[in-house]
Amino acid sequence: MNLWHGNPSGGGWCAPRRRPGPAGGVIIALASVAWFGAPLHGRQAAGAPATQVEPDPIKCWWKTSTNAVRVGEPLSLALTCGIMDTDAIRVVVDLARLDPAALETTPFEVLDGTRHQDLPAPPWRYFQYSYTLRLLGSEFFGRDVDIPALPLTYRVQSTGGDAGPGRDQVYLLPALPLRVLSLVPVTATDIRDAPPETFADIESRGWRATREFAAAGLLFASAAVLAGVGAVRAIGRARGRRPAAAVRLPVGAVFHACQREARRVKSEAAAGWTPDLVGRALAAFRLAGALALGRPVAQALVDRRERPREGQLALETGLWRPRRTLLSASTPATAMTGGLANDTLERDPRLRDALEDMAVPLHVFGTALYGRSGELDADALDSALDRGMRGLGRVRSAQRWPVRAAEASARAAAAIREATWTR
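Each residue is numbered by its place in its chain's sequence as written, counting from 1. Reporting of local features is limited, given that this is a predicted model, to residues whose pLDDT is at least 70; pairs of side-chain atoms are given and counted only at 80 or more, and all residues count toward the totals for whole chains, interfaces and linings. Working from all heavy atoms in the structure, the side-chain values ignore hydrogens and water.

**Student:** Before we go on, may I ask you to explain the side chain of Thr-80 in this structure?
**Tutor:** Mapping Thr-80 onto the fold places it in strand β5 (residues 75-84). We call a residue buried when its accessible area falls under 20% of the maximum for its residue type, exposed when it is over 50%, and partly exposed in between, using a 1.4 Å probe and counting protein chains only. The exposure class assigned to Thr-80 is buried, which follows from its relative accessible area of 6%. Here, residues are in contact when the closest pair of their heavy atoms is within 4.5 Å. Sequence-distant contacts of Thr-80, that is, excluding residues within four places in its chain, are made with Lys-59, Cys-60, Trp-61, Phe-127, Gln-128 and Phe-199. Helix numbering and strand numbering both begin at the N terminus, where a helix is a DSSP run of H or I of at least 4 residues and a strand a DSSP run of E of at least 2.

Written out as structure tokens, the structure is:
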């Protein structure tokens, strides 16, 4: 019986169906085993990684520094190749033919060459050779000269199982035309020159980036160390590791505190004098007199809530961490009288007048506070306070550094003049 069968492509064909003989049955059985058994042999074990080879496991290309060259002019040629390099497969290229001494580039002559460090970019790994070529010969003027095609031998190796190294295969890198004494070759599609950057440029930039990054890290570490040292010192000062009593208050700040206390006493005494006001005024002038005469002044760092006792003057310093210091000095009127006999005061009449003014409130306020009568003469106290404030202002002005510098310069000039006249 004759039957029609259709082929997979949709076309039709007919053939009479005959009963196969014994030999034909054997052939059909063997073909069936080969047909249906192939997927079984190709099937992998469960969990084994699939080994897939890319259609093109290797790709290479030329790149020159220019598309036109003169006879005898050196030019740069870069050969870059990308090969598959994964956990499953690995492409091994025979690099012997790429050595500068073995590279065949007739009619070009290889002057120099080097291989750069490979760049991995999974699933590819790229390697590059840079060559310096030169063309010699007068017969090439005005012609297109090809850098000859380069056959590369490679093998595809499987890293899993007991697979062998693989058979040798050949990748043919096509020829690259160059125009001699012309702008571009005839077969060029544009007139743009390829950039002359190679793997060497990448390596140099990477090395430069590494050095600059290391220098930046070193500078950052140095800055961090300096900042840490500064923070430790600042914290140490804030915590008061250094004894506060050892830090002497400036003379100008103490004079200012004495003047401020005298003005407060004068303001409050307008309503009437009291023993407390007399004691506060006496403490301020005793302290100012001690500073004027160079006598010691007692300083005690206390809590901000502690009140000054009789004969003490409170002074607060500091903005971020205010400190309260109690100042006191024992300067009787007799000390001021003895200080007036100093030879230095004889040479400085302004300071002598200031001390005479400050000696008056010390005597008046001391008599009023510790006298037997206990009576307070308001007029005498007001007059003594005004005269003492005037002397205190003169002493403070004399203690400022511009005045001291001017006086020192005047004394030095006087000493020089005296020495000159003596000679």
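Next comes the rest of the write-up.
**Student:** What should I look at first to understand the state of the cysteines in this one?
**Tutor:** By definition, a disulfide links the sulfur atoms of two cysteine residues through a covalent bond. Any two cysteine sulfur atoms lying within 2.5 Å of each other are counted as a disulfide. A full pass over the atoms with the stated rule returns 1 disulfide. With a sulfur-sulfur separation of 2.0 Å, Cys-60 is cross-linked through a disulfide to Cys-81. On the sign convention where negative means left-handed, the S-S torsion of about 115° between Cys-60 and Cys-81 marks this disulfide as right-handed. Taken together, the positions of Cys-60 in strand β3 (residues 58-64) and Cys-81 in strand β5 put the pair 21 residues apart, joining distant regions of the chain. Look at Cys-60 and you get buried, because its relative accessible area is 8%.

**Student:** Help me out: how do you make sense of the sheet that holds strand β6 (residues 89-93) in this one?
**Tutor:** Sheets are built from strands paired through backbone hydrogen bonds, the pairs being either parallel or antiparallel. Strand order in the open sheet formed by 3 strands is β6-β11-β12, and the pairing between neighbours is antiparallel. Each end of this open sheet is capped by a strand with a single partner; those strands are β6 and β12 (168-173). Geometrically, the sheet is characterised by an average inter-axis angle of 35° between neighbouring strands, direction not taken into account. Judged from the 6 bridges that link them, strand β11 (residues 150-158) and β12 form a sheet pairing that is antiparallel. If DSSP finds at least two bridges between two strands, the strands pair. Note on geometry: axes are lines fitted to C-alpha atoms, helical ones only across the stretch in contact, with angles between N-to-C directions running from 0 to 180 degrees.

**Student:** Explain the pattern of salt bridges to me, please; I cannot follow it from the model alone.
**Tutor:** Any two side chains of opposite charge can pair, given that their charged atoms come close. The salt bridge criterion pairs a side-chain nitrogen of Lys or Arg with a carboxyl oxygen of Asp or Glu, the two atoms within 4 Å. In total, this model carries 15 salt bridges according to the counting rule given. For the salt bridge of Arg-125 with Asp-85, the shortest nitrogen-to-oxygen distance reads 3.0 Å. Of this pair, Arg-125 sits in strand β9 (residues 124-135) while Asp-85 is found in the loop between β5 and β6, placing the two residues 40 residues apart along the sequence. A salt bridge links Glu-109 to Arg-134; its shortest N-O distance comes to 3.0 Å.

**Student:** Help me understand the nonpolar core, please; the structure alone is not making it clear to me.
**Tutor:** Here the nonpolar core consists of buried residues drawn from Ala, Val, Leu, Ile, Met, Phe, Trp, Tyr and Cys, with membership extended through side-chain atoms lying within 4.5 Å. Counting 37 residues, the largest nonpolar core has Val-254, Cys-258, Trp-273, Leu-287, Phe-365, Leu-385 and Val-395 as the members making the most contacts within it. Residue assignment for this core shows that the elements contributing at least two residues are α3 (251-268), α4 (275-293), β15 (313-317), α7 (349-370) and α8 (378-399). Top element by residues in this core is α4. It accounts for 10 residues.

**Student:** Can you walk me through the packing of α3 against α4 in this structure?
**Tutor:** Any two packed helices are characterised by how steeply their axes cross, that is the angle between the axes, and by the distance between the axes. Interhelical geometry of α3 versus α4 gives an angle of 155° and a closest axis separation of 9 Å. Here α4 runs roughly antiparallel to α3, going by the angle between their axes. Crossing hand, α3 versus α4: left-handed. Across the interface between the two elements, Val-251, Val-254, Phe-255, Cys-258, Glu-261, Arg-264, Val-265 and Glu-268 of α3 pack against Leu-277, Arg-280, Ala-281, Ala-284, Leu-287, Ala-288, Leu-291 and Ala-292 of α4. Residues that form the contact of α3 with α4 fall into these classes: 12 nonpolar, no polar and 4 charged. Each angle receives one of four descriptions, namely roughly parallel if under 35 degrees, roughly antiparallel if over 145, roughly perpendicular if within 65 to 115, and oblique otherwise. By the definition used in this description, the sense in which the near helix is turned from the far one sets the handedness, with an anticlockwise turn below a right angle giving left-handed and a clockwise turn giving right-handed. Ten residues, namely Ala, Val, Leu, Ile, Met, Phe, Trp, Tyr, Cys and Pro, are considered nonpolar, four, namely Asp, Glu, Lys and Arg, are considered charged, and the remaining ones, Gly among them, are considered polar.

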